[in-house]
Amino acid sequence: MIEANDLTKRFGGLTAVDSVSFSVGAGEVFGFLGPNGAGKTTTVRMLSCLISKTSGDAKIGGYDIGDESNHLKIRKLIGLVPDNVGLYDELSAYENLDFYGKLYDCAPAKRKENIERFLTMLGLWEKRDAAAGTFSKGMKQKLAIARALVHEPELLFMDEPTANLDPESAKTVRDFILELKKEKKTIFLNTHNLDEAQRICDRIGILNTKLVATGTPQELERALSGGGGARQTVVLLQEPPTDAMLAALGPLSSSVKQEGNRLTIDLKDPERENSLVVDALVKAGGHIQSVTIASASLEDVYLKLVREGGGG
Amino acid sequence: MRLSKSRVIAAKDFKTYRKKRNVIYSLAVIPFLVAILITAVILYAGRRSTSRLAPAELTLLLPAFLFFYVILAAYLATPIASYTIVGEKVEKSLEPLLATPTTDGEILLGKGLAAFLPPLAALWAGSALFMVLMDLATRSKLGYYFFPNWDSALVILLLLPVALLMSVEANVVVSSRVTDVRAGQQLGSLTVIPLAALYGAGELNLIDLGDTTNLLAIVAALAVVDVVLFFLARATFRREEILTKWR
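Predicted, not measured: the structure shown is a model, and the values here were computed from it. (Residues numbered from 1 in each chain as written. Chains lettered and ligands numbered in written order. Predicted model: local features only at pLDDT ≥ 70, side-chain atom pairs only at ≥ 80, totals over all residues. Heavy atoms only, no water.)

1. Structural notes on the domain arrangement of chain A
You can read the domains of chain A as domain 1 (2–215) and domain 2 (229–295). The C-alpha-based centres of domain 1 of chain A and domain 2 of chain A are spaced at 48 Å. (Domains from an automatic or database assignment.)

Given below as structure tokens:
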């Protein structure tokens, strides 16, 4: 659905997006994770044909975004939830959606059906005649999502849809995105919320002007944990370890950190080496309560990659 | 360019303006107030012994007063037209609109129609009231009903719309270049200057605004300006600049 190759955007001397390449398949939820100013919104705007690219190329549904004659076709394929909801406050929720449905050439019967369907799904149907200006932030965000869906786009761009929402509203929005995921909608989600990205996205791209990593949340975690670096096993004993127990660990003892009953050991391959550690400790008289492999979280991956990637 | 898209945008803007009090008041009050005030001036002047208006003076004054509606066209268009682009930008509604499958020309035409038709209706209604009141006020002195006549029809049906269109388009151009509504209104209100200058030139006898040929020439000149301004509006409407440089 999306193919981007070396996509770059410069504003004067400032490079906002630097040679970004990625692809998003149909039915996939792809998350763009990055700090403020990383180029997430600029990328979405380029892909939505709202701003031009400086170099590189990208295709949406097979249409090249660099070819202006494709812009209307691309815009018809996509729905956009911008970072600012941008509703018409004087118009009712229904009128807002009806206006956009008409601009997207949605047939009257289908438009009516979709407006009712999405407003109902988002819990706004009872408020359909109320002016959008009277809505809470969460309700406005939900209405903006309904607006982006009213013409049943093949691809939905969402630019930080839960930013600035209270936890309850954010959860409602996230749950709705998960509903859309079940319906196999292709979604491109910009976020700086790690938990949100991990829970919703099939794959994640970590952007910091450059795309520093792409993969499933699990792949990214594994990349940091197992990518040549050491991982850690945490052994909880029933009593503080004795010198004999530490000595029994042999060459591993140099990487052991002790804190009360807890031993944290750096291991290259904990799945294989844990049994050796347990054997050694038990033979030295240790009583083990638990053994856990401490793996890197997406947060660790994100922070490491963003710091290494620099920029901003 | 698809007119259906422009109609949808214009209809949305109509709905939005209907809920803006300053727009409603300026459209519903000013053209009628001008008609009433000018009538009051004519009646007052006519009753003062020191400044009785002769019929010959009246026939010069009435077309001049009618020309006020052409000047008013620039004034009335400003609050709506200057809001068109910059207002949406300020309210953050421009990005989703620009993301729809509509062209710059369709958006500008829709916004232009929405800013053109309500003032036109208000000005036509106001000028109709003006002519009726003037006829009632001057019938006894002139011995006939001065309005309507060919020149007044030319002013109201041709000159007023092309002047209004010029003001709307100039305001749309300004609106897509400035970054706040007030700046848009202040710059947009400058469109009153060429029309006021035209009126001034008429009063100074530099041009005879009662002459049909002259009026037709002014209409033709303003129509050319309207066409140029439409293309200028399209050329100066830069989506990327609007989205990335405005704060």
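2. Let's talk about the interface of chain A and chain B
On the chain B side, the residues contacting the 27 residues of chain A number 26 residues. In total, about 2,600 Å² of surface goes out of reach between chain A and chain B, with carbon and sulfur atoms giving 62% of it. The largest contributions to the chain A side of the interface with chain B come from A:Leu50, A:Glu90 and A:Leu103, which together make up 25% of the buried area. The shortest N-O distance in the salt bridge between B:Lys5 and A:Asp105 comes to 3.1 Å. In this assembly, chain A and chain B are joined by 10 residue pairs in polar contact (both at pLDDT 80 or more). (Contact = heavy atoms within 4.5 Å. Buried area = accessible area lost by both parts, 1.4 Å probe. Salt bridge = Lys/Arg side-chain N within 4 Å of Asp/Glu carboxyl O. Polar contact = N/O pair within 3.5 Å; in protein donor to acceptor, adjacent residues only side chain to side chain.)

3. Regarding the pattern of salt bridges
The full count for this structure, using the stated rule, is 25 salt bridges over all chains. A salt bridge links B:Glu240 to A:Lys9; the nearest nitrogen and oxygen atoms lie 2.3 Å apart. You can see B:Glu240 sitting in helix 11 (residues 239–245) and its partner A:Lys9 sitting in strand 1 (residues 2–11), one on each of two chains. You can call B:Glu240 partly exposed: its relative accessible area is 22%. A relative accessible area of 4% places A:Lys9 in the buried class. The salt bridge partner of A:Asp105 is A:Lys76, with a shortest N-O separation of 3.2 Å. A residue pair is termed long-range when its members are at least 10 positions apart, and A:Asp105 in the loop between helix 3 (93–103) and helix 4 (108–121) and A:Lys76 in helix 2 (residues 71–77) qualify at 29 residues. We classify A:Asp105 as partly exposed; its relative accessible area is 40%. (Helix = DSSP H or I, 4+ residues; strand = E, 2+ residues; numbered from the N terminus. Buried < 20%, exposed > 50% of the residue type's maximum accessible area, 1.4 Å probe, protein only.)

4. So, the sheet that holds strand 2 (residues 14–24) of chain A
All names here are of chain A. Read from one edge of the open sheet, four strands run 2-1-4-5, paired in antiparallel fashion. Across the chains shown, the open sheet's two edge strands, defined by having one partner strand only, are strand 2 and strand 5 (63–64). Summarising the sheet, strand 1 and strand 2 pair through seven bridges and their orientation is antiparallel. When the bridges of strand 2 are listed, Glu3 appears paired with Ser23. Contacting strand 1, strand 2 and strand 4 (55–60), helix 1 (residues 40–47) crosses the sheet at an angle of about 115 degrees to strand 1. (Pairing = 2+ DSSP bridges. Axes fitted to C-alpha atoms, helices over the stretch in contact; angles between N-to-C directions.)

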